[in-house]
Amino acid sequence: MVNIKILGPGCANCRKLETVAREAAAAANVQAEFVKVSDMKQIMQYDLLSTPGLVVNDKLVCSGRIPTLAEVQQWLSA
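(A) Molecular detail of the environment of S50. Tracing the backbone through its elements, the reader meets S50 in the loop between helix 2 (40-44) and strand 3 (53-56). Relative accessible area serves as the criterion here: at 36%, S50 is assigned to the partly exposed category. Residues S50 and G64, spaced 14 residues apart in sequence, show a C-alpha to C-alpha distance of 4.7 Å. Setting aside residues up to four positions removed in sequence, S50 forms contacts with S63 and G64.

Below, the structure is given as structure tokens:
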């Protein structure tokens, strides 16, 4: 199972990122656990410069933007 974390305060971009990540996981038939992280101390552990951030299996793969569905699928399959 893949662990996916959405880093951010819960803004509209954070919600959009979660939607894209869930769609990518479903399209790739990947079982994933989704965790929303809004605590700034936890977010800063990932060396994030701007939100939203996407973490796949404890590796920051994207920050400060909404990735495409294809990008997220690629990260999930890596």
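Let us keep going from here.
(B) Highlighting the packing of aromatic side chains. Taken as a whole and judged by the stated rule, the model has zero aromatic pairs. The ring of F34 has R22 sitting right over it, with the charged end atom 4.2 Å from the ring centre.

(C) Inspection of the packing of helix 1 (residues 12-27) against helix 3 (residues 69-77) at higher detail. Relative to each other, helix 1 and helix 3 sit at 60°, their axes nearing to 9 Å. Relative to helix 3, helix 1 is oriented oblique. Where helix 1 crosses over helix 3, the two elements pack in a sense that is right-handed. Every residue of helix 3 that contacts helix 1 at V20, A21, E23, A24, A25 and A27 is listed here: L69, V72, Q73 and L76.

(D) Fine view of the sheet that holds strand 1 (residues 2-7). Taken together, four strands build an open sheet; the order of strands is 2-1-3-4 and the sheet is mixed. Unpaired on one side and paired on the other, strand 2 (32-37) and strand 4 (59-63) mark the two borders of the sheet. Neighbour-to-neighbour, the strand axes of this sheet turn through a mean angle of 20°, independent of strand direction. Packed on one face of the sheet, helix 1 meets strand 1, strand 2 and strand 3 and runs near 165° to strand 1. Running at roughly 30° to strand 3, helix 3 makes contact with strand 1, strand 3 and strand 4 of the sheet.

Conventions we followed
Residues numbered from 1 in each chain as written. Predicted model: local features only at pLDDT ≥ 70, side-chain atom pairs only at ≥ 80, totals over all residues. Heavy atoms only, no water. Helix = DSSP H or I, 4+ residues; strand = E, 2+ residues; numbered from the N terminus. Buried < 20%, exposed > 50% of the residue type's maximum accessible area, 1.4 Å probe, protein only. Contact = heavy atoms within 4.5 Å. Phe/Tyr/Trp six-rings, centres within 6.5 Å; stacked < 30°, edge-to-face > 60°. Lys NZ or Arg CZ within 6 Å of the ring centre and 35° of its normal. Axes fitted to C-alpha atoms, helices over the stretch in contact; angles between N-to-C directions. Parallel < 35°, antiparallel > 145°, perpendicular 65-115°, else oblique. Left-handed = near helix turned anticlockwise from the far one by under 90°. Pairing = 2+ DSSP bridges.

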